[in-house]
Amino acid sequence: MKSRRIIIIVLLLLCIAVGAYWLIRRARKPPIPTEENPDKFGKEVDIKTLLGTLSFAPKLESRENSSRYWLYVDGRIVTTRASPESHAESLKPVEVLLVPGEYNVEVGTTTPDGDDSGSTFPFEFRSQKVTIQAGHVSRVSLSVEPMRYGEPTPIFALVDPSSEWFEAWVRRVDSEIQAFQKDATQQAFLDVFNALRQSPPARASVYINLPAEKGGGREFDADEVRLMVGWLKRHRSRTLSALPADFVARMPDDMRLRYDQVLKAINSYQDYVAQFEEIATKLAAARH
């Protein structure tokens, strides 16, 4: 009986010794270092290895020319050099990080004096397709030369206010107003104008679905909208404007009464176009 107790005591002491030894070893074992922000492969992620770089180099034959332009990628504005401080600044390459894929890179240029382009639509778009690969730089170079003025709109000659001349002028005014009502450009502006009346723009640019001959649908900022609204005002202004006061004074009374009626239609047209300036105002406010 006594020997059995001794055996039990020895076993208990042995268990205590083994447990103490295990605890001491565990306390002395150095902690396993952990990596900060590893990805699933145990390495830090470099965003540039997942994206590709578009490097755009503007071309300008003569430094004397204006280099005002807007750079687009798939119809969205990525940068604008609307008021370059110097030609050297305006000709610096532009780099944009993009998800790998194929893109349409465009540059929109205007006339040297876009605010007074006459009857010429104030924008011209030059484009180039580019394929972006992850971790690579894809280079595109497009001309930012200012576009040229088009042919001026023929002036409806002023002669003596005879009935034949007046009837021809009235028909010309009516034809121009009908053409304007069917014009896809003014319809695109009207759609945007109505949309922004319902909800103000969240960004400083807005999509305008221009017809293909005007460059097609894309984003436009406030400066571009102002140039196009100015063009809408000038495009038909040689016909849809009030006649000189001294010319009107020579009209017979019955012709003068009809002229006043036609002038109301002309003024309505001008007021209609002027309302589109509100689009640019709202886009400019969205910048802040």
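Residues numbered from 1 in each chain as written. Predicted model: local features only at pLDDT ≥ 70, side-chain atom pairs only at ≥ 80, totals over all residues. Heavy atoms only, no water.

Engineer: I would appreciate a short explanation of the packing of aromatic side chains in the present structure.
Structural biologist: How two aromatic rings sit relative to each other is given by the distance of their centres and the angle of their planes. By the definition in use, this model includes 17 aromatic pairs. A centroid spacing of 6.2 Å and a plane angle of 50° characterise the contact between phenylalanine 123 and phenylalanine 220, whose relative ring orientation is tilted. With phenylalanine 123 in the loop between strand E5 (101-109) and strand E6 (124-132) and phenylalanine 220 in strand E9 (residues 218-221), the pair connects residues that are 97 residues apart, well separated along the chain. This pair shows no difference in class: phenylalanine 123 is buried, exactly as phenylalanine 220 is. An aromatic cluster of three or more residues is present, and its members are Trp70, Tyr72, Phe121, Phe123, Phe125, Phe220 and Trp231. Note that arginine 218 overlies the ring of tyrosine 72, its terminal NZ or CZ placed 4.9 Å from the centroid. (Phe/Tyr/Trp six-rings, centres within 6.5 Å; stacked < 30°, edge-to-face > 60°. Helix = DSSP H or I, 4+ residues; strand = E, 2+ residues; numbered from the N terminus. Buried < 20%, exposed > 50% of the residue type's maximum accessible area, 1.4 Å probe, protein only. Lys NZ or Arg CZ within 6 Å of the ring centre and 35° of its normal.)

Engineer: Would you explain helix H9 (residues 277-286) in this entry?
Structural biologist: Residues separated by three or four positions in an α-helix point in the same direction, a consequence of the helix having 3.6 residues per turn. Within H9, the full set of buried residues consists of Ile279, Ala280, Leu283 and Ala284. The buried residues of H9 occupy one face: seen down the axis, they fall within an arc of 130°. (Arc of directions from axis to C-beta.)

Engineer: Before we go on, may I ask you to explain the nonpolar core in this structure?
Structural biologist: As a rule of thumb, nonpolar side chains are buried together in soluble globular proteins. Core analysis: the biggest nonpolar cluster contains 46 residues, and Trp169, Phe189, Ile208, Val225 and Ile279 have the highest contact counts within it. Among all residues touching phenylalanine 189, those that are not within four sequence positions of it are Ile208, Leu210, Val225, Met228, Val229, Leu232, Phe276 and Ile279. Judged by nonpolar contacts, the second largest core, of 18 residues, contains Leu54, Leu71, Val96 and Val130. (Core = buried A, V, L, I, M, F, W, Y, C linked by side-chain atoms within 4.5 Å. Contact = heavy atoms within 4.5 Å.)

Engineer: Got a minute to help me understand the pairing of strand E1 (residues 52-59) in this structure?
Structural biologist: Remark: a regular strand shows side chains that alternate across the two faces of the sheet. By the criterion of burial, E1 is predominantly enclosed, with six of the eight residues buried. Inspection of the sheet shows E1 paired to strand E4 (residues 94-98) by five bridges, in the antiparallel sense. When the sheet's bridge partners are listed, serine 55 is paired in E4 with glutamate 95. The sheet contact formed by E1 and strand E7 (residues 137-143) spans seven bridges and is parallel. What sits directly across from alanine 57, in E7, is serine 141. (Pairing = 2+ DSSP bridges.)

Engineer: Honestly, the sheet that holds strand E3 (residues 76-81) in this entry has me stumped. Any pointers?
Structural biologist: Paired through their backbone hydrogen bonds, the strands of a sheet run either parallel or antiparallel. Taken together, four strands build an open sheet; the order of strands is E3-E2-E5-E6 and the sheet is antiparallel. Among the strands making up the open sheet, the edge pair consists of E3 and E6. The average undirected angle you get between the axes of adjacent strands in this sheet is 20°. As paired elements, strand E2 (residues 69-73) and E3 share five bridges and run antiparallel to each other. Of the residues in E3, the one forming a bridge with leucine 71 is threonine 79. (Axes fitted to C-alpha atoms, helices over the stretch in contact; angles between N-to-C directions.)

Engineer: What exactly am I supposed to notice about the sheet that holds E7 here?
Structural biologist: Pairing is mixed across the open sheet formed by three strands, whose spatial order is E4-E1-E7. Across the chains shown, the open sheet's two edge strands, defined by having one partner strand only, are E4 and E7. The sheet shows a mean angle of 25° between the axes of neighbouring strands, direction not considered.

Engineer: What exactly am I supposed to notice about the pattern of salt bridges here?
Structural biologist: Once their charged atoms are close, side chains differing in charge can pair, the charge on each being opposite to the other. Under the defined criterion, the tally for this structure stands at 13 salt bridges. The closest approach of N and O atoms between arginine 172 and glutamate 176, which form a salt bridge, is 3.7 Å. Here the residue arginine 172 and the residue glutamate 176 both occupy positions in helix H4 (residues 163-182), the gap between them amounting to four residues, near one helical turn. Note that aspartate 223 and arginine 287 form a salt bridge whose closest N and O atoms lie 3.9 Å from each other. Pair noted here: aspartate 223 is in helix H6 (residues 222-235) and arginine 287 is in the segment after H9, with a separation of 64 residues, a long-range link. Bridged by salt links that share partners, the residues Arg172, Glu176, Asp183 and Arg236 form one connected network. (Salt bridge = Lys/Arg side-chain N within 4 Å of Asp/Glu carboxyl O.)

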